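# Inside the fold
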Amino acid sequence: MATEAPAHGGYLDILRAPHAARLLAGTLVGRLPNGTGPIAMTLFVRDQGGSYTLAGGLIAAYGFSNAIGQPLLGRAVDLKGQPRVQLPAAVLSALGMALFALTGIGHLALAYAAVVVAGLFTPPLEGGLRALWPSVLGREDRVHRAYALDAVAQEVMFTVGPLLVTLLVALRSPAAALLVINVLGILGALAVVLSEPSRTWRSAPREAHWLGALRSPGLLALLGSFFFVGLALGSITVAAVAYADDRGTPSVYGWLMAALGLGALAGGVLYGARRWTGAPERRLRVLVALLALCYLPLMLVPGPVAMTGLSVLSGVFLAPVLACAFIVVDRHAPRGTVTEAFSWLVTTFGVGAALGSAVAGPAVELAGTVAGFAVAGAGGLVALLVLLATGRVLAVPDTPGGAGAGARHADGEGASAAVHAEKNTH
């Protein structure tokens, strides 16, 4: 169920809260190296005379090391605090990419080592921001709206980031683009960790367990579903390239990706403009069902204008699905594992996207562009099936020791009590 949010409870209310705009902007800038890494690395490798195969291998090494590093660094943040982990990690990641930019691809072992370092030490700013929202915003409804704003802001970053890389390449060179983007990443991380909420945030005490956040059955169910959401999205990027090739117009690919981002942006804005009641786990199932349903028409592969419209439709429920998933993570993560739990979501989604790209490629070669988009539809449907099959597990959030408690500021007892009081009324 949804109701219109009052004017004072919208996105402006979130951004006017002390520290909120700084934390959101700093996190987005700090994530630029990761968000633009694949395109910047591809342009750099090609400028150096390397093949697309080499670029793909380096990007895969970067992505795989990033998938390993995010939950490990997230756990370190929960244990040691944000400044002691986020800033050193950002510096090490930037140094790895700087080494790659300065030495090039002449020594492949060194190139691979450099991108592995860059990926492994990518700071978990995304999970860290979501851990800070409760202490910054207090009320649960404001935190939930911040999750929606976060999802919308991501779409803006993934639209503006590649444009920034392209501009830097045009003005200087791909190597300069890599260096500038990573310097910006350090500055973004610095803006976050020097803020009062980041400096004073402490995770709740946690039970010593080697599985960490993964010992939550509900979180595992969510991760299983989001692996296939990522797979669907990753396959669309490859299928869209094939569609553009079929039409003999490479620029169509850019239009399709921009349309998908526009749809996600619009969907996120509309989702965050409403105050939602009821269990977010049930709402997530509905949103994932709608997301999967909107992927299916892509298999019609009509002309470019109609296909652009279908791409907008396919993105409409992406940001709402992400925003709702953030709430579910917050409810199911074991006490004291909030940053790690959010980092696992990022990792699972990213690994699924990488596999989706890998599966869609052979599908297109064997059965054409329609098969590539069919992978996306199948991924969305399997994501829904996972949620339906694990409905009983997801129906029992780990509220007493969940991340909702762990995410609170050490001195934010009043806000924490208010949040728990609201939870108990739902």
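Residues numbered from 1 in each chain as written. Predicted model: local features only at pLDDT ≥ 70, side-chain atom pairs only at ≥ 80, totals over all residues. Heavy atoms only, no water.

### Some thoughts on the overall build of the chain
- In terms of regular secondary structure, the chain is built from 20 helices and two strands.
- Burial analysis of the chain (426 residues in total) assigns 54% to the buried set.
- Here the analysis covers contacts within the chain between residues at least 6 apart in sequence; of these, 83% occur between residues at least 24 apart.
- When the accessible surface of the chain is totalled, it reaches about 17,100 Å², and 70% of it is carbon and sulfur. (Helix = DSSP H or I, 4+ residues; strand = E, 2+ residues; numbered from the N terminus. Buried < 20%, exposed > 50% of the residue type's maximum accessible area, 1.4 Å probe, protein only. Contact = heavy atoms within 4.5 Å. Areas by Shrake-Rupley, 256 points an atom, 1.4 Å probe, with all protein chains shown as cover.)

### Considering the nonpolar core
- Counting 102 residues, the largest nonpolar core has Leu 58, Phe 100, Trp 133, Phe 226 and Leu 284 as its most contacted members.
- Sort the elements by how many residues they give to this core and helix α11 (residues 217-247) lands first, with 13 residues.
- Every residue in contact with Leu 58, bar those within four places of it in the chain, is listed here: Met 41, Val 45, Phe 100, Ile 105, Ala 111, Tyr 112 and Val 115. (Core = buried A, V, L, I, M, F, W, Y, C linked by side-chain atoms within 4.5 Å.)

### Describing empty space enclosed by the protein
- Enumeration according to the criterion identifies four cavities of 30 Å³ or more in this entry.
- Size it by volume and the largest cavity reaches roughly 70 Å³.
- Taken together, Gly 30, Pro 33, Ala 90, Ser 93, Ala 94, Thr 122, Pro 123, Asn 182, Gly 185 and Ile 186 make up the lining of the largest cavity.
- Looking at the lining of the largest cavity, the elements with two or more residues in it are α5 (83-103) and α9 (174-193).
- Residue composition of the lining of the largest cavity, grouped by class: five nonpolar, five polar and no charged. (1 Å grid on protein atoms, 1.4 Å probe; cavity = no way out; pocket = protein on both sides within 12 Å on 5 of 7 lines; lining within 4 Å. Points joined across faces, edges and corners; volume = space filled by probe spheres on them. Nonpolar A, V, L, I, M, F, W, Y, C, P; charged D, E, K, R; others polar.)

### So, the confidence of the model for the chain
- Counting all residues, the mean pLDDT for the chain is 82, and 88% of those residues have values of 70 or more.
- With pLDDT under 50 throughout, residues 3-9 is counted as low confidence; its partners more than four residues away or in other chains account for 11 contacts.
- This model gives residues 399-426 a pLDDT under 50, and the stretch forms 54 contacts once residues within four places in sequence are excluded. (pLDDT = per-residue confidence, 0-100.)

### Observations regarding helix α6 (residues 108-120)
- Helix length check: α6 (13 residues) gives 18 Å between terminal C-alpha atoms against 18 Å at 1.5 Å per residue, within 8%.
- All buried positions along α6 are accounted for by Ala 111, Ala 114, Val 115, Ala 118 and Gly 119. Buried residues in α6, looked at end-on, bunch into an arc of 130°, giving them a common side. (Expected span 1.5 Å × (residues − 1). Arc of directions from axis to C-beta.)

### Thoughts on the packing of helix α2 (residues 20-30) against α9
- Packing of α2 against α9 leaves a shortest axis separation of 7 Å and a crossing angle of 155°. When the interaxial angle is binned, α2 and α9 end up roughly antiparallel. Our pair here, α2 against α9, has a crossing hand that is left-handed. In this structure, α2 uses Arg 22, Leu 23, Gly 26, Thr 27, Val 29 and Gly 30 to contact α9, whose residues at the interface are Leu 184, Gly 185, Gly 188, Ala 189, Ala 191 and Val 192. (Axes fitted to C-alpha atoms, helices over the stretch in contact; angles between N-to-C directions. Parallel < 35°, antiparallel > 145°, perpendicular 65-115°, else oblique. Left-handed = near helix turned anticlockwise from the far one by under 90°.)

### Structural notes on unusual backbone geometry
- With a phi angle near 75°, His 19 is a residue other than glycine that sits in the positive phi range.
- Secondary-structure assignment places His 19 in the loop between α1 (11-16) and α2.
- With phi around 35°, Val 301 is a residue other than glycine that occupies positive phi space.
- Within the secondary structure, Val 301 is located in the loop between α13 (280-295) and α14 (304-315).

### Regarding a nonpolar patch on the surface
- Among the surface-exposed residues, Val 183, Leu 187, Leu 190 and Leu 194 lie close enough to one another that they form a single nonpolar patch of about 340 Å² accessible area.
- Examined against the element boundaries, Val 183 turns out to sit in helix α9. (Patch = residues over 30% accessible without salt bridge, like charges linked within 9 Å, V, L, I, M, F, W, Y side chains within 5 Å. Salt bridge = Lys/Arg side-chain N within 4 Å of Asp/Glu carboxyl O.)

### Things to note about the side chain of Ser 314
- With respect to the helices, strands and loops of the structure, Ser 314 is situated in helix α14.
- A residue is classified by how much of its surface remains accessible, and Ser 314, at 2% relative accessible area, is buried.
- Here Ser 311 takes part through its backbone oxygen, which lies 2.7 Å from a polar atom of the side chain of Ser 314.
- Not counting the four nearest positions on each side in its chain, Ser 314 is found in contact with Leu 260, Leu 291, Cys 294, Tyr 295 and Leu 298. (Polar contact = N/O pair within 3.5 Å; in protein donor to acceptor, adjacent residues only side chain to side chain.)

### Observations concerning α14
- The first and last C-alpha atoms of α14 sit 17 Å apart over 12 residues, in line with the 16 Å expected at 1.5 Å per residue.
- Turning to α14, its buried residues are Met 307, Leu 310, Ser 311, Ser 314 and Gly 315. Axial view of α14: buried residues confined to an arc of 135°, hence all on one face.
- Packing partners of the buried residues in α14 comprise α11, α12 (251-272), α13, α15 (318-332) and α17 (369-389).

### Details of the pattern of salt bridges
- Using the criterion set out here, one finds three salt bridges in the structure.
- The residue Glu 126 makes a salt bridge to Arg 31 at a minimum N-O spacing of 3.2 Å. In this pair, Glu 126 sits in helix α7 (residues 125-137) while Arg 31 sits in the loop between α2 and α3 (32-47), placing the two residues 95 residues apart along the sequence.
- By relative accessible area, which is 9% here, Arg 31 ends up buried.
- Between Glu 281 and Arg 331 there is a salt bridge; the shortest N-O distance is 2.9 Å. Linking Glu 281 in helix α13 with Arg 331 in helix α15, this pair joins segments that are 50 residues apart in sequence.

### Quick word on the environment of Ala 90
- As for its placement among the helices and strands, Ala 90 is situated in helix α5.
- The class for Ala 90 is buried, based on a relative accessible area of 6%.
- When the C-alpha positions of Ala 90 and Thr 122 are compared, they lie 6.0 Å apart, and in sequence the two are 32 residues distant.
- Apart from residues no more than four positions distant in its own chain, Ala 90 is found in contact with Phe 121, Pro 123, Ile 186 and Ala 189.

### A few points about the packing of aromatic side chains
- Within the structure shown, the criterion is met by seven aromatic pairs.
- Ring geometry for Phe 226 versus Phe 349: centroids 6.2 Å apart, planes at 45°, classification tilted. Residue Phe 226 is located in helix α11, and its partner Phe 349 is located in helix α16 (residues 338-367); the two are separated by 123 residues in the primary sequence.
- By relative accessible area, Phe 349 is classed as buried at 18%.
- Ring geometry for Tyr 271 and Trp 276: centres 5.1 Å apart, planes at 20°, overall stacked.
- In this structure Tyr 271 comes out as buried when scored by relative accessible area, which is 6%.
- We classify Trp 276 as partly exposed; its relative accessible area is 29%.
- Feature note: the residues Tyr 147, Phe 326 and Phe 342 constitute an aromatic cluster, connected by ring pairs. (Phe/Tyr/Trp six-rings, centres within 6.5 Å; stacked < 30°, edge-to-face > 60°.)

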